[in-house]
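Observations on the three-dimensional arrangement
Here is what each chain is made of, one letter per residue.
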Amino acid sequence: MKIGFIGLGNMGMPMALNLARAGHEVRGFDVLAVPEAPLAQANSAADAARDADVVITMLPNGEILTSVAAEIIAAMQPGAVLCDCSTVDVDSARKVADQARDAGLGALDAPVSGGIAGAGGGTLTFMVGGDAESFATVSPLFDVMGQKAVHCGPSGAGQAAKICNNMILGVTMIATCEAFALADKLGLDRQKLFDVVSTSSGSSWSVNAYCPAPGVGPQSPADNGYKPGFASELMLKDLRLAQMAAESSDADTPMGELAAALYARFVEEEDGRGRDFSAMLPRFEQRHRKD
Ligand code: NAD
């Protein structure tokens, strides 16, 4: 397939390279100069999009997606599919999909889980919103870039699945970290807590697969000085998107709201920026009840 790939950052570049290695004809574009890579580069987003069967975008946020979409939708050939893999707000995803459809294009929102390691290794999970025909067209590309693609429903459903998942993740990580810090104060050994919780009703991915306590459970960023992994500021971004969606859909999400507030403090006022989101554990360790 001919693919235009716009946004060649930490995630986009390895995804684009995997597509090129699989034999697809990829033309990439980024506003920043990108490191030398075996990938054809276009001079503009419109140029990357012009002859493509599928245009993939991997951009920082909904505002940038909206402006890039305005430029590329006008340039794309009828019947081509615009597939946005960025994590953006549900409203922007739906608006961009509507504009693409009005121009005779297919449209998918297909945010990912799996991080930079998943992008490099071609093991991402895609959560996809949009029509079945576009999903079928892009599926072979999801197979190259990832290990699983779930068609979640109409436009916006992919972003909805992503922020609901990450809201659960943010809340369970905070609960896990505060429970380990409480166990410390109670003199309970961390390994013993893990042995109990990981096989009991308190188990979750945060405990079992990504334990925030160093030296306990499988290897995780906690064993590497809390180097991300999944950085706290990216968790904050997703929790804020969840709160925007909750506002616009009138959903009551008190735990998600509190998780967003705690990660905002951690990133903006404490030492959380650039650290893995599981570094909430050392944060709680240092705190007292009335802090
Ligand atoms: P990044 O900042 O490394 O990459 C974004 C790229 O978009 C940058 O290279 C930037 O120059 C480029 N860009 C910005 N404006 C542009 C424009 N107008 N035209 C063309 N290019 C433009 O970010 P990333 O880590 O690659 O993340 C990309 C998206 O994936 C984000 O929405 C993020 O939330 C999501 N995501 C990231 C991770 C992760 O672990 N990094 C995991 C899951 C999802």
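Residues numbered from 1 in each chain as written. Predicted model: local features only at pLDDT ≥ 70, side-chain atom pairs only at ≥ 80, totals over all residues. Heavy atoms only, no water.

**Comments concerning the overall build of the chain**
Our working rule: Strands are runs of DSSP state E lasting at least two residues, helices are runs of H or I lasting at least four, and both sets are numbered from the N terminus onward. In this treatment the radius of gyration is a C-alpha quantity, and the globule benchmark scales as 2.2 Å times the residue count to the 0.38 power. Contact between two residues is taken to exist if any of their heavy atoms lie within 4.5 Å; hydrogens are not considered. In these tables, accessible area is a Shrake-Rupley quantity obtained with a 1.4 Å probe, and a residue counts as shielded only by the protein chains included in the view. Residues scored as positive are Lys and Arg, those scored as negative are Asp and Glu, and His as well as the terminal groups of each chain are ignored. A single reference atom marks each charge: NZ on Lys, CZ on Arg, CG on Asp, CD on Glu.
From N to C terminus, the chain includes twelve helices and nine strands. The C-alpha atoms of the chain give 20 Å as radius of gyration, which agrees with the globular expectation for 291 residues (19 Å, within 12%). With respect to the three principal axes, the spread of C-alpha positions in the chain is 65 × 40 × 35 Å. For the chain, restricting intrachain contacts to residue pairs at least 6 apart in sequence, the fraction spanning at least 24 positions comes to 63%. A total accessible area of about 13,500 Å² is found for the chain, and carbon and sulfur atoms account for 54% of it. Separation between the mean location of the 22 positive side-chain charges and that of the 35 negative ones in the chain comes to 6 Å.

**Considerations on the packing of helix H3 (residues 62-75) against helix H4 (residues 90-102)**
Going by this rule: Lines fitted to the C-alpha atoms define the axes, with helices restricted to the stretch that makes contact. Angles between their N-to-C directions range from 0 to 180 degrees. Here the angle decides the label: under 35 degrees means roughly parallel, over 145 means roughly antiparallel, 65 to 115 means roughly perpendicular, and every other value means oblique. Each residue gets one of three labels, nonpolar for Ala, Val, Leu, Ile, Met, Phe, Trp, Tyr, Cys and Pro, charged for Asp, Glu, Lys and Arg, and polar for the others, Gly among them.
Where H3 contacts H4, the axes come no closer than 10 Å and their chain directions differ by 5°. Here H3 lies roughly parallel to H4, going by the angle between them. Every residue of H4 that contacts H3 at Gly62, Leu65, Thr66, Ala69 and Ile73 is listed here: Ser92, Lys95, Val96, Gln99 and Ala100. Of the residues contributing to the contact of H3 with H4, the split by class is five nonpolar, four polar and one charged.

**Re the site of the ligand**
As a reminder, the rule being used: Put simply, a residue is near a molecule or strand once any heavy atom of it comes within 4 Å of that molecule or strand. Pairs of N or O atoms are called polar contacts if they sit within 3.5 Å, as long as, within protein, a hydrogen donor faces a hydrogen acceptor (for residues adjacent in sequence, only side-chain-to-side-chain pairs).
The environment of the ligand is made up of 23 residues, and the closest members are Asn10, Met11, Asp30, Leu59 and Lys237. Within the side chain of Asp30, an N or O atom sits 2.6 Å from an oxygen atom of the ligand. Protein contact buries 84% of the 830 Å² of open area that the ligand shows by itself. Those elements that provide at least two residues to the shell around the ligand are H3, helix H5 (115-121) and helix H10 (232-249).

**Overview of the pairing of strand S1 (residues 2-6)**
Residues in a regular strand project their side chains so that they alternate between the two faces of the sheet. Let me state the cut-off plainly: The rule is simple: take the accessible area with a 1.4 Å probe, protein chains only, and divide by the maximum for that residue type; under 20% is buried, over 50% is exposed, in between is partly exposed. In short, DSSP must find at least two bridges between two strands for them to pair. Clockwise travel from the first strand over the helix to the second, with the strands pointing away from the viewer, marks a crossover as right-handed.
Among the five residues that make up S1, four are buried, leaving the element largely enclosed by the rest of the structure. Where S1 meets strand S2 (residues 25-29), five bridges bridge the pair, whose relative direction is parallel. Paired with Lys2 across the bridge in S2 is Glu25. In this view, the connection linking S1 to its parallel neighbour S2 by way of helix H1 (residues 12-21) has right-handed handedness.

**A few points about the nonpolar core**
Threshold: Side-chain atoms within 4.5 Å link the members of a nonpolar core, which is a set of buried Ala, Val, Leu, Ile, Met, Phe, Trp, Tyr and Cys residues.
Among the nonpolar cores identified, the biggest contains 33 residues, and Ile174, Phe180, Met235, Tyr263, Phe277, Met280 and Leu281 are the most heavily contacted of them. Contributing elements (two or more residues each) for this core: helix H7 (157-185), helix H8 (190-197), H10, helix H11 (254-268) and helix H12 (280-285). Counting residues per element, this core draws most heavily on H7, which supplies eight residues. For Tyr263, the residues in contact, after removing those within four places along its chain, are Gly170, Met173, Ile174, Ser232, Met235, Leu236, Leu239, Phe277 and Met280. If you look at the next biggest cluster of nonpolar residues, it comprises 30 residues, including Met13, Ala16, Ala110 and Ala119.

**Structural notes on the side chain of Asp238**
We apply this condition: Whenever a carboxyl oxygen of Asp or Glu lies within 4 Å of a side-chain nitrogen of Lys or Arg, that contact is scored as a salt bridge.
The residue Asp238 is located in helix H10 in this model. The charged side chain of Asp238 is buried without a salt bridge, its nearest counter-charge being Lys162 at 4.1 Å. Here Asn166 takes part through its side chain, which lies 2.6 Å from a polar atom of the side chain of Asp238. Those residues in contact with Asp238, other than ones at most four positions away along the chain, are Thr87, Lys162, Ile163, Asn166 and Phe230.

**Remarks on the packing of H7 against H8**
Test applied: By the definition used in this description, the sense in which the near helix is turned from the far one sets the handedness, with an anticlockwise turn below a right angle giving left-handed and a clockwise turn giving right-handed.
Remark: H7 packs on H8, axes separated minimally by 10 Å, with the N-to-C direction vectors making an angle of 130°. Classified by the interaxial angle, the pair formed by H7 and H8 is oblique. When you trace H7 past H8, the crossing you get is right-handed. In contact with Ala179, Phe180, Ala183 and Asp184 of H7, H8 contributes Arg190, Leu193 and Phe194. A breakdown of the residues in the contact of H7 with H8 according to their chemical character gives five nonpolar, no polar and two charged.

**Details of the side chain of Ser232**
Mapping Ser232 onto the fold places it in helix H10. Among the polar contacts made by the side chain of Ser232, one reaches the main-chain carbonyl oxygen of Asp276 at a distance of 3.2 Å.

**Focus on helix H6 (residues 132-145)**
Defined as follows: The span you would expect from a helix comes to 1.5 Å times its residue count less one.
When the terminal C-alpha atoms of H6 are compared, their 19 Å separation across 14 residues agrees well with the 20 Å that a helix rising 1.5 Å per residue should span. Buried residues of H6: Ser134, Phe135, Val138, Ser139, Leu141, Phe142 and Met145, and no others.

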